[in-house]
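Each chain, letter by letter, is given below.
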Amino acid sequence: MLISLVVPCYNEEEALPVLYAALKDVRSQVTDHSFEFVFVNDGSRDKTKDVIKSLAAEDPDVRYLMFSRNFGKEAAMYAGLEKAKGDCIAILDADMQDPPSLIPQMIKDIETGSWDIVAARRVTRKGEPKIRSFFARKFYRIINKMCDVEIADGARDFRLMTRPVVDAILSVSERQRFSKGIFAWVGFRTKWVEHENVERAAGESKWSFWSLFRYAIDGIVSFTTAPLRISIYLGIGFACLGFAYLLYYVIRAIILQIYNTVPGYPSLLSFILFIGGLILMCLGIIGEYIGKIYIESKRRPIYIASEESKDED
Ligand code: UDP
Ligand code: MG
């Protein structure tokens, strides 16, 4: 079997040599399969490109793809999966946060034939900022309530997949990719292996709090239309409330003969403000979806490569 290990890299010049050593280790441990390492350089601003090239010059199992600019990890993963030729393909981060030492066991699990995917899951978030863990947990709670597919908390992009799974993932050709959702959406039999959170080998995380927040919103919008439905329910709810309020005044006027009373101005104002805000929020939600449609309708490629390793065949 040929096993491809796909590594998206963005500014990972320090971590790459460490990772490569670990991957070589895996290769020497698993002797009954051949390997290829597919590095995708996602428009790094440091020397990542040179590091990858020098690895490729020494090691014929190293293949690479250079992006013309930074397209994001999602695009890098897609490109890597597309380039990989293996019968089994794994995606792992360049920073050693996805322990390569798990790979031999993952291969054994796939070989049993009872699993199509062996995916890693973090059971702790040790070493991560508290606020980030808190919001990450909330995000998984919310998205799982809204979506039909189950996205496991702590699930990483680190997973070993058989060829049919990868082909299924590649066939999902949307531009705005939310891989955690796509992985869950394609189905197949998944085995979870759990590991503790590992800190980066070198360099720093590319995610700021806000970029994660935007990622979360994007994930929800690309995987479920539940927010649209919620805005319908809210609309219906408030229309009913308004109607009940009207009814109350009409009945009061007929039965109790109380007509216009001047007090009530503050409540009126707050209703107007509240409902105005609600309308804007719902418009915003609709806008998010229209934005997605707009981007998808351009049918731009997911990434642009400026250079790639040559293959003999
Ligand atoms: N990455 C990428 N493109 C980006 C950002 C990140 O290819 O625009 C890669 C990065 O090199 C690493 C992986 O995605 O291999 C995970 O990134 P990071 O470690 O910054 O994320 P975290 O582990 O903090 O979630
Ligand atoms: Mg990381």
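Residues numbered from 1 in each chain as written. Chains lettered and ligands numbered in written order. Predicted model: local features only at pLDDT ≥ 70, side-chain atom pairs only at ≥ 80, totals over all residues. Heavy atoms only, no water.

Caption draft 1: Representation of the coordination of the magnesium ion (ligand 2) within the structure. Protein-derived ligands of the magnesium ion (ligand 2) are Asp95 (OD) and Gln97 (OE1), with the metal-ligand distances lying across 1.8 to 1.9 Å. With a relative accessible area of 3%, Asp95 lands in the buried category. Under the relative-accessibility criterion, Gln97 is labelled buried at 18%. (Donors = N, O, S within 2.8 Å, 3.2 Å for Na, K, Ca; no water. Buried < 20%, exposed > 50% of the residue type's maximum accessible area, 1.4 Å probe, protein only.)

Caption draft 2: Expanded view of the pairing of strand S6 (residues 155–162). For S6, the tally of buried residues reaches 8 of 8 residues, placing the bulk of the element in the interior. Pairing between strand S4 (residues 88–91) and S6: 4 bridges, direction antiparallel. Bridge pairing in S6 links Ala90 to Leu160. Bridging between strand S5 (residues 117–122) and S6 involves 4 bridges; their strand directions are antiparallel. Residue pairing in the sheet places Val118 in a bridge with Leu160 of S6. (Helix = DSSP H or I, 4+ residues; strand = E, 2+ residues; numbered from the N terminus. Pairing = 2+ DSSP bridges.)

Caption draft 3: Unusual backbone geometry, seen in detail. You will see that Asn11, though not glycine, has its phi angle at about 50°, which is positive. Of note, Asn11 is situated in the loop between strand S1 (2–9) and helix H1 (15–29). Phi angles above zero are rare outside glycine, and Phe188 is one such case at about 75°. Mapping Phe188 onto the fold places it in the loop between helix H7 (179–186) and strand S7 (190–195). A relative accessible area of 39% means that Phe188 is categorised as partly exposed.

Remember that the coordinates give geometry; whether it matters functionally is a separate question.
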